[in-house]
Amino acid sequence: MANERWPLYLDVLRSLVRARIRYVVVGNFGLELFLRDAFALEVNDCDVVLGASKANLERAVVTLAERGWDVRAGGELVPKRAGDGLVDVEALAGKSRLVATRDKLSLDLLYEPKTLGWERITYAVADIEGVPVAAIETILALKDKSADEADRMLAAKVRAQIERGDL
């Protein structure tokens, strides 16, 4: 495996699959899963796009919390509802991203993607290592729309290598 964090990320991602959470992996980790050792990438976190239904968000937060992850929205722990202790999904209104951390791992969970809609992101999904990964073209399209110049440059570099037949 290209990165010592791979097994740890794959473990938590598979737990999301077992919990029937709708999601796809994107970002550098998604590219790594497709490209393996053919293209060295630094993977510091794992980017995931969640289906944005309230039930899906709640299952995701509960599943991660049960596995020892701290889940935050806007820097604050995701609140629980008074009475039943379940996740207060209503408190997430207006936010589009959760960050879950455990040890030195970080999952960035987008649930209202502004650049591409859920249908576009999930039009083609590959099962790699038992987790759903967005199509490489989709991952590159998300990087093209990123505010981070390094993401846009990486997308262009990967495309050029694919076109040359290097990948």
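For the structure, see preceding data.
The structure presented is a predicted model; accordingly, all values stated were derived computationally and were not measured.

**As for the packing of aromatic side chains**
One pass over the structure, following the stated rule, counts 2 aromatic pairs. Note on Trp-6 and Phe-29: the rings are 5.8 Å apart at their centroids and 75 degrees apart in plane angle, and the pair reads as edge-to-face. On the criterion of sequence distance, the pair formed by Trp-6 in helix H1 (residues 6-18) and Phe-29 in helix H2 (residues 27-35) is long-range, its members being 23 residues apart. Accessibility assignment for this pair places Trp-6 and Phe-29 in one class, buried. Three or more aromatic residues link up through ring pairs in this structure, and these residues are Trp-6, Tyr-9 and Phe-29.

**Quick word on the pairing of strand S3 (residues 70-73)**
By the alternation rule, side chains of S3 split into Val-71 and Ala-73, which are all buried, and Asp-70 and Arg-72, of which none is buried. Where S3 lies against strand S5 (residues 97-102), 3 bridges are found, and the strand directions are antiparallel. Bridging across to S5, Asp-70 finds its partner in Thr-101. Strand direction decides the pairing type here: S3 and strand S4 (residues 76-77), joined by 2 bridges, are antiparallel. By the bridge assignment, Ala-73 is partnered in S4 with Glu-76.

**Focus on the nonpolar core**
As a rule of thumb, nonpolar side chains are buried together in soluble globular proteins. If you look at the biggest cluster of nonpolar residues, it comprises 52 residues, and the most contacted ones within it are Leu-13, Phe-29 and Leu-107. Counting residues per element, this core draws most heavily on H1, at 6 residues. Once residues within four sequence positions are removed from consideration, Leu-13 is found in contact with Tyr-23, Val-25, Phe-29, Cys-46, Val-48, Leu-107 and Val-131.

**Thoughts on H2**
The buried count for H2 comes to 8 of 9 residues, which makes it a mostly enclosed element. The first or second residue beyond H2 is Arg-36, which carries a positive phi of 55 degrees.

**Side note on the pairing of strand S8 (residues 131-134)**
Here S8 shows two buried faces, one formed by Val-131 and Val-133 and the other by Pro-132 and Ala-134. Bridge count between strand S7 (residues 125-128) and S8: 4 bridges; the pairing is antiparallel. Bridging across to S8, Val-125 finds its partner in Ala-134. Turn length for the S7-S8 hairpin, with the two strands adjacent in sequence and antiparallel, is 2 residues, and the turn residue Glu-129 shows positive phi of about 60 degrees.

**What about the pattern of salt bridges?**
Applying the stated rule across the entire model yields 6 salt bridges. For Glu-129, the salt bridge is made with Arg-14, and the minimal N-O distance between the two is 3.5 Å. Of this pair, Glu-129 sits in the loop between S7 and S8 while Arg-14 sits in helix H1, and the two are 115 residues apart along the sequence. Note that Asp-103 is salt-bridged to Arg-102, the shortest N-O span being 3.8 Å. On the basis of relative accessible area, Asp-103 is assigned to the exposed category, the value being 72%.

Cut-offs applied
Residues numbered from 1 in each chain as written. Predicted model: local features only at pLDDT ≥ 70, side-chain atom pairs only at ≥ 80, totals over all residues. Heavy atoms only, no water. Phe/Tyr/Trp six-rings, centres within 6.5 Å; stacked < 30°, edge-to-face > 60°. Helix = DSSP H or I, 4+ residues; strand = E, 2+ residues; numbered from the N terminus. Buried < 20%, exposed > 50% of the residue type's maximum accessible area, 1.4 Å probe, protein only. Pairing = 2+ DSSP bridges. Core = buried A, V, L, I, M, F, W, Y, C linked by side-chain atoms within 4.5 Å. Contact = heavy atoms within 4.5 Å. Salt bridge = Lys/Arg side-chain N within 4 Å of Asp/Glu carboxyl O.

Keep in mind these values describe shape, not function.
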